[in-house]
Amino acid sequence: MADAYCFACLGRPLLLSKNGEPVAVKTRKALAIMGYLSRVNSMSSPREKLADLLWSGAERPKAMQSLRQALRQLKTAEEEAEVDVLQSSSGDVRLDPESFSSDLTAIMRLLDRGHTEDFQGAKDLWRGDFLAGFDDIDTEFSDWLQVERERVRSEVASATFRHLNQISTTDGGLNAEAGARFLLKVDPALEAAHRALIRLYLKLGQRERAEQQLKACEREMKLHLDATPDQETLDLFEDNDEKDWQVSEFRRPGEVGPILTNLSNSDTIVRLPEISVISASLAKTGLNDAIYLREEIVSGLSSFRSFDLFEAEYFGEKNAPSPTLVEGHDLGSYFLRFRHDDRSGKVVVQFEDRGNGQIVFNEIVDLSQWNGILPAASHIVSRVHSFTTERLRNPSNTSVFARWCQAEALLWDFTPQSDEKAMRLLNELERSNRNFSRTYAGKASIIMKQALHFPLHDKTTSEGMHDLLNLAEQAIVLDPWQAVNQRVYGWALILSNKPEEARRAFQNAGRLSASDPSNLMSVAEGLAFSGDVDEARLTAEKAFNLFAFIPRVFYEYLANIYFAAEDYEGAIEQIERGSGVSIGGLTTRVAALVCADRHEEAVQILRRFGDHRQSLMKNSPGDLQDLEDWRRRVNFFQNKKVRANFDRGAELVQKFLFGGDSI
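The structure displayed is predicted, hence computed values, not measured ones.

Quick notes on the rules
Residues numbered from 1 in each chain as written. Predicted model: local features only at pLDDT ≥ 70, side-chain atom pairs only at ≥ 80, totals over all residues. Heavy atoms only, no water. Helix = DSSP H or I, 4+ residues; strand = E, 2+ residues; numbered from the N terminus. Buried < 20%, exposed > 50% of the residue type's maximum accessible area, 1.4 Å probe, protein only. Contact = heavy atoms within 4.5 Å. Salt bridge = Lys/Arg side-chain N within 4 Å of Asp/Glu carboxyl O. Polar contact = N/O pair within 3.5 Å; in protein donor to acceptor, adjacent residues only side chain to side chain. Axes fitted to C-alpha atoms, helices over the stretch in contact; angles between N-to-C directions. Parallel < 35°, antiparallel > 145°, perpendicular 65-115°, else oblique. Left-handed = near helix turned anticlockwise from the far one by under 90°. Nonpolar A, V, L, I, M, F, W, Y, C, P; charged D, E, K, R; others polar. Phe/Tyr/Trp six-rings, centres within 6.5 Å; stacked < 30°, edge-to-face > 60°. Core = buried A, V, L, I, M, F, W, Y, C linked by side-chain atoms within 4.5 Å. pLDDT = per-residue confidence, 0-100. 1 Å grid on protein atoms, 1.4 Å probe; cavity = no way out; pocket = protein on both sides within 12 Å on 5 of 7 lines; lining within 4 Å. Points joined across faces, edges and corners; volume = space filled by probe spheres on them. Pairing = 2+ DSSP bridges.

## A word on the overall build of the protein chain
Scanning the protein chain for helices and strands turns up 28 helices and eleven strands. Looking at the protein chain residue by residue over its 663 residues, the buried ones come to 54%. Sequence-distant contacts, at least 24 apart, represent 63% of the contacts inside the protein chain between residues at least 6 apart.

The structure is reproduced here in structure tokens:
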């Protein structure tokens, strides 16, 4: 039996070979068999039960035949992996408990020991929920899986809390902190783990860290549970009695406190453009693609959280919004009509301005001409979003959301001058609507761009990097379901050297607005900086498939993804298609050339931009003394090797900017 885990059941399951290389298994249901057996008594199950669990919609003979095929697939994979843990007879299928090993069993062994290094090892092994991505293989299996995931989390939490019953600082709190941090990776909204860290930091006299942990607790609970911390957690800051530092009774995540019913993100209701969705001829049988297209479009519009959406079906046929002009709505009121054409089989999507009766566009969607339904839906969503927000960018419109649209347009200009104007608008928004979440995300975005795209320019805001995380956290606490808030929070965490938390924030942003290619490209670059190159590439590929027109700046994003993957030639090719010269883009290009052993070409590139150097340096702050600090600030890669390679280029750019002809 190999030392490596023969089965990884946390995150994306894989059967592994003895040297750690993945061995392909033909179907997910075959892997699900091992996952199920690993969690049942004696690791054994009757064949009939497995067949009913995984092929519940089939007749018993057909289900049994499918089971036999899946077992053959597993045996083939085992032979390739040189392991032998699956044993089957005419009546039962079982795993050999003496030979079977998995990442979950390894974690439980580590938690049983419970030392600092054990918690860290468990944290490294935990890659996600038990059998993640297997929810849809069968309804019966899905029901079992939901319960089993809760059991896994409960077992892991209980095993960890056995070592956290008494907060000890004899080791500087390292063991207690490692245990609590592991639990927060398993469940970021687990209040008991947050509470353990708060108690620890208070006992260590680190009140500021304790307060930061409380903010993290509030943020995660609101995002994942729509809940607020218990009074017991809040009272920790009033309790000065250091005699009792026991961890309170562990409770399940569903028992953390009251559920919020009012999630308004402003002092007053922030009005948004109104869109009424009307469908015709989509209720007929055989129109699954048309219905799916409509649902994807409505979902995409909803994910922007920039519209008040109304379903005409909610009112009923007789009470649907009438096609009459609407006056007085300064943000806009629109109809979005869907109709299936029986003759052509195409879907007609019409967008109409109710203010003047104008048909903004009438799109006849032939799904056979698109690479799937999602790109077609994203195209429609982009057209609707662009039209409605473009109208609000007129400075004469002073409503809250219009002011945000005006600031957002300036943020996409990527110039210090535009950021200065945007900051004035955002400051105005903060004064009038202090709880409008995107205000703080916008301000944090400006601070980050000054570090990423033009770090040599004078700063346009009094807030510095030390306030960046606070601004991003404030946006998240006010509204964690805004993709832009999660995305900006991810970038703030990158700049705060917290790659794991950043990766999760970027993933949240990608899930919240999966049909917005601009959001996905920013998420992809952030994931690459966080160190998750594979997911970054997949996300970027998805974004490029959704773009109707690709802004040149996104080729710079793509170049950073290639650089993180150590594909330097690919990075060079992409950066040459980029939007021009920013400090970040120039450094990526030079670093890629240096790493590709094209040093002379890198030097020539820098000398070619000699005139541009003068433009960059003209606005250079006079107090820029620490050049090593400048190199650290332009290097966002969290992987040590990639970071070191990027620094080779940053060092050359540094000499170009500050050393004249010394390159």
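## Quick look at the pattern of salt bridges
Where charged atoms from two side chains of opposite charge approach closely, those side chains can pair. Per the counting criterion, the structure on display carries 41 salt bridges. A salt bridge links Arg305 to Asp479, with the nearest nitrogen and oxygen atoms 3.0 Å apart. Residue Arg305 is located in the loop between helix H11 (288-304) and strand S8 (308-311), and its partner Asp479 is located in the loop between helix H17 (465-478) and helix H18 (483-495); the two are separated by 174 residues in the primary sequence. Classification of Arg305 as partly exposed rests on a relative accessible area of 33%. The exposure class of Asp479 is buried, given its relative accessible area of 2%. In this structure, the salt-bridge partner of Lys641 is Glu566, at a minimum N-O distance of 3.1 Å.

## With respect to the side chain of Asp103
For Asp103, the location among the structural elements is in helix H4 (residues 103-113). Only 3.0 Å separates the side chain of Asp103 from the backbone nitrogen of Cys9, close enough to count as a polar contact.

## Observations concerning the environment of Val484
Of note, Val484 is situated in helix H18. A residue is classified by how much of its surface remains accessible, and Val484, at 18% relative accessible area, is buried. Sequence separation between Val484 and Leu512 is 28 residues; the distance between their C-alpha atoms is 9.3 Å. Leave out the neighbours within four places in its chain, and Val484 touches Arg438 and Ala441.

## A short note on helix H5 (residues 116-125)
All of the buried residues in H5 are Asp118, Phe119, Gly121, Ala122, Lys123 and Leu125. Those residues of H5 that are buried are in contact with H4, helix H6 (139-161), helix H7 (174-186) and helix H19 (499-512).

## Thoughts on the packing of helix H24 (residues 583-595) against helix H28 (residues 640-658)
Packing of H24 against H28 brings their axes to within 7 Å, and their N-to-C directions diverge by 120°. As judged from the angle between their axes, H24 and H28 are oblique. Crossing geometry of H24 relative to H28 is assigned as right-handed. Within the contact between the two elements, H24 uses Ile583, Leu586, Thr587, Thr588, Val590, Ala591, Val594 and Cys595 and H28 uses Asn645, Phe646, Arg648, Gly649, Ala650, Leu652, Val653, Phe656 and Leu657. A class-by-class count of the residues in the contact of H24 with H28 yields twelve nonpolar, four polar and one charged.

## Examining unusual backbone geometry
One non-glycine residue, Ser42, adopts positive backbone phi at about 60°. Mapped onto the fold, Ser42 is located in the loop between helix H1 (28-37) and strand S4 (44-46). Even without a glycine there, the phi angle at Asp597 is positive, about 60°. If you trace the backbone, Asp597 turns up in the loop between H24 and helix H25 (599-608). Note on Asp597: relative accessible area 69%, which makes it exposed.

## Describing the packing of H18 against helix H20 (residues 517-530)
Across the interface, H18 lies against H20 with an axial gap of 10 Å and an inter-helix angle of 25°. In terms of orientation, H18 lies roughly parallel with respect to H20. Of the two possible hands of crossing, H18 and H20 adopt the one that is left-handed. When H18 is examined against H20, the residues Ala483, Arg487, Trp491 and Ile494 are found in contact with a partner set consisting of Asn519, Ser522, Val523, Glu525, Gly526, Phe529 and Ser530. Partitioning the contact of H18 with H20 into residue classes produces five nonpolar, four polar and two charged.

## Remarks on the packing of aromatic side chains
Going through the model one piece at a time under the given rule, you end up with 20 aromatic pairs. An angle of 65° between the planes, with centres 4.9 Å apart, marks the rings of Tyr36 and Trp144 as edge-to-face. With Tyr36 in helix H1 and Trp144 in helix H6, the pair connects residues that are 108 residues apart, well separated along the chain. For Trp144, a relative accessible area of 17% gives the class buried. With centroids separated by 5.7 Å and ring planes inclined at 70°, the aromatic side chains of Phe544 and Tyr555 adopt a geometry described as edge-to-face. Residue Phe544 is found in helix H21 (residues 533-546), and its partner Tyr555 is found in helix H22 (residues 553-564); the two are separated by eleven residues along the sequence. Residue classification places Tyr555 among the buried positions, given a relative accessible area of 10%. Of the aromatic side chains, those joined through ring pairs into one cluster are Trp491, Phe506, Phe529, Phe563, Tyr568, Phe636, Phe637 and Phe646.

## Some details on the nonpolar core
In this structure, Ile33, Phe130, Leu131, Phe141 and Phe182 are the most contacted members of the largest nonpolar core, which totals 74 residues. Ignoring any residue separated from it by four or fewer positions in sequence, one finds Phe130 in contact with Cys9, Leu10, Gly35, Ser38, Arg39, Leu104, Trp144, Leu145, Glu148, Arg149 and Val152. In this structure, Tyr440, Ala492, Met521 and Val553 belong to the second largest nonpolar core, which totals 70 residues.

## Overview of the confidence of the model for the protein chain
Per-residue pLDDT for the protein chain has a mean of 83; in total, 82% of the residues score no lower than 70. Below a pLDDT of 50 lies the segment residues 247-267, which in the model reaches 56 contacts outside its immediate sequence neighbourhood of four places, other chains included. Ignoring residues within four places in sequence, the model shows residues 618-625, a span with pLDDT below 50, making eleven contacts including any to other chains.

## What to know about the layout of surface pockets
The volume enclosed by the second largest pocket comes to roughly 1,200 Å³. Considering the residues around the second largest pocket, the lining is formed by 49 residues, among which Glu408, Trp412, Arg487, Asp516 and Ser518 are closest to the centre. Those elements that place two or more of their residues in the lining of the second largest pocket are H11, helix H13 (373-391), helix H14 (400-411), helix H16 (437-452), H18, H20 and H22. The class makeup of the residues in the lining of the second largest pocket is 26 nonpolar, 15 polar and eight charged.

## Remarks on the environment of Thr233
Note on placement: Thr233 falls in helix H10 (residues 231-234). For the pair Thr233 and His194, spaced 39 residues apart in sequence, the C-alpha to C-alpha distance is 8.7 Å. Contact partners of Thr233, with chain neighbours within four places excluded, come to Glu191, Arg195, Ile198 and Leu214.

## Section: the side chain of Asn519
By secondary structure assignment, the location of Asn519 is in helix H20. Judged by its relative accessible area of 1%, Asn519 falls in the buried class. Of note is the side chain of Asn519, whose polar atom sits 2.6 Å from the side chain of Arg487. In terms of polar contacts, Asn519 uses its side chain to reach the backbone carbonyl oxygen of Ser513, at 3.0 Å.

## Description of the sheet that holds strand S5 (residues 86-88)
One open sheet accounts for three strands, arranged S4-S6-S5; its pairing is antiparallel. Looking along the sheet, the strands with just one partner apiece sit at the ends: S4 and S5. Strand-to-strand twist across the sheet, computed as the mean angle between neighbouring axes with direction ignored, equals 15°. One ladder, built from three bridges, connects S5 with strand S6 (residues 92-95); its direction is antiparallel. Within the sheet, the bridge partner assigned to Leu86 lies in S6 and is Leu95.

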